[in-house]
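Below, each chain spelled out in residue letters.
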Amino acid sequence: MSTGASTTIDPAEVARFEGIASTWWDPKGPMKVLHRFNPVRLAYIRDEACRRFGRDPRSARSLEGIAILDVGCGGGVLSEPLARLGARVTGLDPAPTNISVARLHAERAGVIVDYRNETVEAVVARGETFDMVLAMEVVEHVADRQAFVNACTQAVKPGGCLAMATINRTLRSFASAIVGAEYILGWLPKGTHEWDRFVTPEELTSAIETAGFAVNDLKGVAYNPLRDSWSLSGDTAVNYMLLASKAGAAAPEARR
């Protein structure tokens, strides 16, 4: 794994996900909640990208040619559907088994994704930039939040944007994301999350602003137990997603 001059990787967190890497694509396995949650974050990313780059979200190839960096891509559960929408996707993950699983699944599915076992810092060190950088459910696992956010913003092209998703640090998130999801419902392996590493919207916004970006949109993601489904919400007390771009930057021209 190439790490460049520095890294925000937490080895213990990498080892934790490395241990369950083979289950990424099992919709009934340890990642089943991710599979249920994935359509919501995919639609959010697609719609925001289409709005920013002047595309039609109803088109089957709505993200044609847009360069997307998926930081902490895991087994490729989000990278692959973005590539199917036409995006040129690069997926990064520090866990070698995650990348192996992602590459194998993409090859079998006939989907082209550039998967790399490296860090966002290494990408930035080479001067690579992308129209859209994603860090979905990653920031709560890194060793240095500000350094990680800095690196993600540096990987965004002028006129591009950054999308992030994480879990708020509230009593409700402790009850639902840890006690409920890990210990009662068994949606996630025990120990997947640590409550004190969760990030409030205010903390993440502050880190983004320190990096010279501004938050353009903030949405909560809520679970409906009666429908067993996830949807966008105004409630950010547990899960939330946001979109950010360079402060003061003008909207880009449509890219085809």
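Residues numbered from 1 in each chain as written. Predicted model: local features only at pLDDT ≥ 70, side-chain atom pairs only at ≥ 80, totals over all residues. Heavy atoms only, no water.

## Some remarks on the packing of aromatic side chains
Then, number 1: As enumerated under the stated definition, the model contains 2 aromatic pairs in all.
Then, number 2: Taking the centre distance of 5.3 Å and the plane angle of 90° together, the rings of F37 and W230 count as edge-to-face. One end of the pair, F37, is in helix 2 (residues 32–53); the other, W230, is in strand 7 (residues 229–233), and 193 residues separate them in sequence.
Then, number 3: Taking relative accessible area as the criterion, F37 reaches 6% and is therefore assigned buried.
Then, number 4: Using a relative accessible area of 14% as the deciding quantity, one classes W230 as buried.
Then, number 5: Measuring from centroid to centroid gives 5.1 Å for Y223 and W230, while their planes differ by 50°, and the two rings are tilted.
Then, number 6: Counting every residue linked through ring pairs, the aromatic cluster contains F37, Y223 and W230. (Phe/Tyr/Trp six-rings, centres within 6.5 Å; stacked < 30°, edge-to-face > 60°. Helix = DSSP H or I, 4+ residues; strand = E, 2+ residues; numbered from the N terminus. Buried < 20%, exposed > 50% of the residue type's maximum accessible area, 1.4 Å probe, protein only.)

## Describing the confidence of the model for the protein
Then, number 1: Taken as a whole, the protein shows an average pLDDT of 87; of its residues, 83% reach a score of 70 or greater.
Then, number 2: The model gives residues 1–5 a pLDDT under 50, and that stretch makes 12 contacts with residues more than four places away or in other chains.
Then, number 3: Ignoring residues within four places in sequence, the model shows residues 182–186, a span with pLDDT below 50, making 15 contacts including any to other chains. (pLDDT = per-residue confidence, 0-100. Contact = heavy atoms within 4.5 Å.)

## Details of helix 4 (residues 96–109)
Then, number 1: When the terminal C-alpha atoms of helix 4 are compared, their 20 Å separation across 14 residues agrees well with the 20 Å that a helix rising 1.5 Å per residue should span.
Then, number 2: Every buried residue of helix 4 is accounted for by N98, I99, V101, A102 and A106. For helix 4, the angular spread of buried residues about the axis comes to 160°, placing them on one side. Among the exposed residues of helix 4, those oriented more than 90 degrees off its buried face are E107 and R108.
Then, number 3: G110 sits one or two positions beyond helix 4 and adopts a positive phi of about 70°. (Expected span 1.5 Å × (residues − 1). Arc of directions from axis to C-beta.)

## A closer look at unusual backbone geometry
Then, number 1: Look at E137: it is not a glycine, yet its phi comes out positive at around 55°.
Then, number 2: Within the element layout of this structure, E137 appears in the loop between strand 4 (130–136) and helix 6 (145–154).

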